Amino acid sequence: MKSSKRGYAQYTLAFIVLTLVLYGIFILTGKSFIWQGDGLAQHYPILVRFYEWLHQGSLTGWSWALGLGADKVTTFSYYVLGDPFAYLIYFVPKAHLEMGYNLLVLVRLYFSGLAFLLFARQRSFRPGSQLLGTLAYTFTGFSLYVSIRHPFFLLPMILFPLLAYGIDRVYAGKSWVPLAAFAGLALVGNFYFAYILAIGSLVYALLRYFAVRPALKVPTLIGRLATAGVIGLLLAGILFVPSVLGVLNSTRATANFANGYVLYPFSYYLRLSNAVLTTGNPMSFWVNLGLAGLTFLSILYTLRHFRQYRWLNIGLLLVMGGTLVPAVAAIMNGGTTPSQRWLLLGSLGFSLALMTFCDHLGDLTRQDLTTLLWGTVGLLVAVWAANGFIYNNHPHDFVMYGLLLLTVMVILIAQIDHWTRPKTLGILLGLLSLNIVANGYGYFSPDSGGASQQLTPRGVATKFQKNYYDGAQKTVKRQKGFGRSVLSNQYYYANEAKTNMGMNLGTHDIMSYFSIENGAVGAFSQAVDNSQFKMNKPINQADSRTTLSNLLGVRDIFARTNQRGKQAFPYGYKVVKRANGKVLTYKDQPVHNFGNNYGTILYRSKNALPLAYLQTRVLDHRQFDRLDGTDREQALTTGALFDGATTGVPTTRYRSTNREIGYTVVADDSTVVDSLGKVALYRQRGNQLNPDLATTTEASLRQKNQDRSVSIRSDKARLKRLAKQNRTLLAKNRQANLAGLTAMVSDNQNQPITYKLETQRSQRTAKTELYLELTGIDVQRLSVQDKYRGQATTNAFQNQAFTGIQRLNVLRRALWNQNDGAYTFNVTSFHNFTGYSQLGQTNLSDYQQKQRVLLNLGYSRKPRKTIKLTFKGVKGLTFKSARLIAVPLGSAYTQRMQQLKRQKLQGLRVRNNQVTGTATAQRATVLTTSIPYSSGWHLTVDGRSVPTAKVNVGFVGARLPAGTHAVKLTYQTPGLRLGMGLSVLGILGLIGGLVLTKRAKNTKDE
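Residues numbered from 1 in each chain as written. Predicted model: local features only at pLDDT ≥ 70, side-chain atom pairs only at ≥ 80, totals over all residues. Heavy atoms only, no water.

Visitor: Break down the environment of tyrosine 268 for me, with residues and values.
Guide: Mapping tyrosine 268 onto the fold places it in helix H13 (residues 266–275). For tyrosine 268 and glutamine 818, which are 550 residues apart along the polypeptide, the C-alpha to C-alpha distance reads 9.2 Å. Tyrosine 268 has contacts with Ser284, Phe285, Val287, Thr323 and Gln340, leaving out every residue within four places of it along the chain. Separated by 2.9 Å, the side chains of tyrosine 268 and glutamine 340 make a polar contact. (Helix = DSSP H or I, 4+ residues; strand = E, 2+ residues; numbered from the N terminus. Contact = heavy atoms within 4.5 Å. Polar contact = N/O pair within 3.5 Å; in protein donor to acceptor, adjacent residues only side chain to side chain.)

Visitor: So what's going on with empty space enclosed by the protein? Residues and values would help.
Guide: For the structure shown, the criterion picks out eleven cavities of 30 Å³ or more. Each pocket or cavity is described by its volume, and for the largest cavity that value is around 130 Å³. Forming the walls of the largest cavity are His43, Leu47, Tyr79, Val80, Tyr101, Leu104, Arg108, Pro151 and Phe152. When residues of the lining of the largest cavity are traced back to their parent elements, those giving at least two are helix H3 (38–56), helix H4 (72–81) and helix H5 (97–122). (1 Å grid on protein atoms, 1.4 Å probe; cavity = no way out; pocket = protein on both sides within 12 Å on 5 of 7 lines; lining within 4 Å. Points joined across faces, edges and corners; volume = space filled by probe spheres on them.)

Visitor: Hey, could you go over the sheet that holds strand E31 (residues 955–960) for me, with residue numbers and the actual values?
Guide: Overall, antiparallel pairing links the four strands, which are arranged E10-E27-E31-E30 in an open sheet. Edge positions in the sheet fall to strand E10 (612–615) and strand E30 (949–951), since each has one partner strand and no second. The average undirected angle you get between the axes of adjacent strands in this sheet is 40°. Pairing analysis gives five bridges linking strand E27 (residues 925–932) to E31, with the strands arranged antiparallel. Residue pairing across strands places leucine 927 opposite alanine 958, the latter belonging to E31. (Pairing = 2+ DSSP bridges. Axes fitted to C-alpha atoms, helices over the stretch in contact; angles between N-to-C directions.)

Visitor: An account of a nonpolar patch on the surface is needed here, citing residue identities and associated values.
Guide: Taken together, the side chains of Leu373, Trp374, Val377, Val381, Trp384, Phe389, Tyr391 and Phe398 make up a nonpolar region of the molecular surface, amounting to roughly 790 Å² of accessible area. Of all the elements, helix H18 (residues 366–386) adds the most residues to the nonpolar patch, at five residues. With respect to the element layout, tryptophan 384 can be found in helix H18. Its relative accessible area of 33% is what places tryptophan 384 among the partly exposed residues. (Patch = residues over 30% accessible without salt bridge, like charges linked within 9 Å, V, L, I, M, F, W, Y side chains within 5 Å. Areas by Shrake-Rupley, 256 points an atom, 1.4 Å probe, with all protein chains shown as cover. Salt bridge = Lys/Arg side-chain N within 4 Å of Asp/Glu carboxyl O. Buried < 20%, exposed > 50% of the residue type's maximum accessible area, 1.4 Å probe, protein only.)

Visitor: I'd like a rundown of the environment of alanine 275, residues and numbers included.
Guide: With respect to the helices, strands and loops of the structure, alanine 275 is situated in helix H13. Along the backbone, alanine 275 and leucine 289 are 14 residues apart, and their C-alpha atoms lie at a distance of 6.4 Å. Those residues in contact with alanine 275 that lie beyond four places of it in its chain are Val287, Leu289 and Gly290.

Note that every value here comes from positions in space, so none of it alone points to a role or purpose.
Next comes the structure, spelled out in C-alpha cells:
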C-alpha cells in the first residue's frame, strides 16, 4: 500500500513540475489553450452553452439556439455530455469560463496518467519503470497536441488503459465489474471514440490472451468479457442510444470511404519518418506520434527480442502497418476518412515497450546496444533521404534528434561504466523530462512551431463571444415572435461563417458547425443546390439567397456599416432605421485580431416566413426532381413538397419565370506571356505583366527601363516556343468556350487565367437575383511534372538559369507538397463577391467532391454586364455546362410571400420542446414548417395524435383537415426513453455483479 501511494505521489509531483514548465510558457506568450480554429468555433462556445444548460438543469430535448434547431443530446454528446470532466465547469464562475476551459484540459491530462499508472501497476512493472512509462504516456505528442486543439480527445487516453486494466483483471480471474464500469464510461463518452476503443480493446484482449494464457477456460473468459461489455452497453444507454440514432440520421452517413484513397499520397510516406519524434511540423492525416527518444529506443529493444515479447511486438507491428494503408484508418473511423487519430491506441503499446525496456536496463547485451545505435542511425538516414538527401528541417527538429542521440549515449555509458539502476533511471528521467518539454514547446512555443500562432490570446475568446455582433443582437432579440438571423456575406471577410458564436447570443443564427448535423437539413440544402453545404455546416449562411433565406425564416441580416451601397443584399431586406430616419448603427467593438474593424447595421425582411404556416397546394415529386436549384426553391413558395398522404390537397404544377442569360466568354490574356514582345514587357515590369504591380528598385537608373536584362537575343528559339505554347493554349481554350464556359486553364507558368462573362441583353439581369450554375465539374490537378515545367518556364521568361540545385529543390517541394485537388473559385459581379471552396482529398472533416455548384451572384436593380471568374490551387477546371440564371424578384414575389405569411398558425408560440398555434383553413392543407425533421417531433391536432412526415425535403410537416384546429408539436429526444431503461438495467446488472463478486470472495475466504 505504501509503495502504491508513493508511486501516485511521485507521478503527481512529476506532473506538476512538467505542467508548470510546459504550460507555463502560455504566461509568456499571453495565449490561452483555445485554438483559433475549432477551439473558437466549436469547443469554447459549446462549453459556454453547456454551462448555461447545466445551471438551467436542462440537458435534453430541443434547442433553437443550435442553428435551425437541433437535439441537445445528439449534438452535444460528441463534445461534452458524456465527458465526466466537463461537468466540473458548473463550479466555475461565469466570468471565468475561459480559465475553466484551460483548467479542464490539465485535469484530463492528469487523469490520463493516473489511468495508465493504475494499469501499469497491475502489470507488475518495477516502480521506476512505471513512472517513466506513465510520464511518456501522459505527455505523448498526441496528448500535447489535442490539449490545445481538441481537448475532449484526451478522454480516450484516459479510458483505454482503464479498459485494458479491466481486461487484465478478468484474465487474472478477478471481477468483471470494473471492466463493465469502464466500458460504460467509454460508450457514454463519445460514440466516435467508443468505436475506436472497442476495436482497440478487442485487439488488446486477443493479444493479451495469447501472451498470458489465463487459467480460466475460454468459454468462461468469453462469458465474463461479454457480460462486462453488455452491462457497459446498458449503462451507457441513456446517451449511447440517442447518439447512435443521431449519427445514423446525420449528414455523415454518406461519407466517402477513405476519401477515395487506395494508398496515401507519396508525400505522406515521405513525412512519416520525421513524424516519429518531432512535433510542431505540419501534420499529415493526423499522424501525430511525437515519441520521446527513450520510447523510440524501447520499441527497437522489444522488436529485437521479438519472440520474448511476441504479442506486444505484434501489436506494435499492427499499429505501424496500419499507418501505411488508408483503408485501415477509414475502418477505424467508421468507414469514413483515412484519419490516423486512432494511433492514440498505439500510445499504450509504446509505453508498455518503454517499461519493458527500463525493467531490463541492467541486462542489455552488446547486440542490444548495437541495435539501438543502428536503429537511431537508420531513423536519421530515413529522415535525410525523405527530405531529398538534405537536412532542411525546422531547427526544433534537431533538438529532438539531439535528445535522441544524448539518450543513446547515456545508455551506452551506463553499460560501459556499470551505473547503478537508480542512477541510470534518474538520468533517463531527466532526459525524458527534457524530451517532453521540448515536445510540448514544438506546439506551444512561437519559436518552435506554428501551432502557438494559432492560439487565441488570453481573454479574447470571451470578448469575441460578447462583441460578435457589436451589440446589435439587442435589437434582434427585442423583436416580437420567432425569427432567425444570419451574417451578411463577407461580414467577417469570408464567403462563409466559421463559428458557432451566435448560438450564445439569442439571435437564432441559422449557422451551425457541429460534427453531427441533421441529415434531413443536409438533404434540403443539397436539394436546392446550396453552394455552402458542408457535412458539418449544412446551411451556413444560405449563400445570401433571397428565397432560401425567406423559407428558413431569416428575418435579420447582420452587416458591416461599410457594406451598405457596396454589397448586394437579398431582395426585400431593408436597412433598419431609427424613428428619426437615420440608420441604426452599432459602433465597432474591436476584438484583438478577430474584429472586422467596422460597426454593425441590420437588414430586415418582411417576407421571411413564420416557423409554421399552411400550404394549400402540394408539388408533384417527379416535376420537382427535374428542376434545378433555383426553380426548386421558387417552387417551394407555390406549394409544399410533402412525403405523406395529401388527400384533399390539390396538386399544383410549377411554372418557372427564371431566365437563362446568354454570354460570351473572354479569357484575359493580358497577364499571359504569349509573344516575344510580352517577354520583354514581362522583364521590364519586374518579371510579371500586371502594370499595377510594376515596381522600380533603383528609380534613378530604371524609371523607364526597370530591368536592363530585357534582351531576348539569346535563347530566342526557346522563348518563341514557350510563347507559342501559351498562344496555342489560349486558342484551344477560346474554341472550347465558344458556346459557353467549359474550361478554365492555367498558362505554362501554372498561373490561372482570369475569365470574364460578357452578358448578352444584360438588361434582362436587372431586378433579378443572378446565379451561376456549374455542372459536371472536373479538376485537373497540378502534377509534380507540371510544377517542374512551370518553374523551368518561369526561369526562362525571367532570363534566369534553371540550375541543378534549383531543379532538385523544385522536385523536393513538389513531392513533399503534392496537390490534393483543393481549390478556390471566385466570382466578382456588380456589388457582389462570392465563390466556393473545394476541400482537398486530404481534408479529414468533410471532404466531398463538388460536381455541381450554384452560386448566388446577388440581387440588383441594375443590369450586370460583366462577371469576372478566377480560380486558384489547381491547373484547370472543366465543366459540362455553365449557365447564368436570372430569377425575377418583384411585386409578384412579394405578394406570394405575404400570402404565405397570412396563412401562418395563429397565436404561434415557440418554446424549446413545444410549438403551438391554431390552424384555420376552408379545406385540407399541409402544415409546413422550417423545423428540422426528426422522429422526436410528435403532433397532436385538437388533442388527437397525427402522424408527421417530411415537408420540403427536410422539415416537419403534416396534413391538416379543413376547419379550425389546435395544433401542438412536442419534442422528445429519439431513443432517450429506451436508453434510460437500458441504463437502469445496466445499473441493476452492475449491482448484481458486485453482490456476486462479494459472495464469491466470502466463499473463498471461508
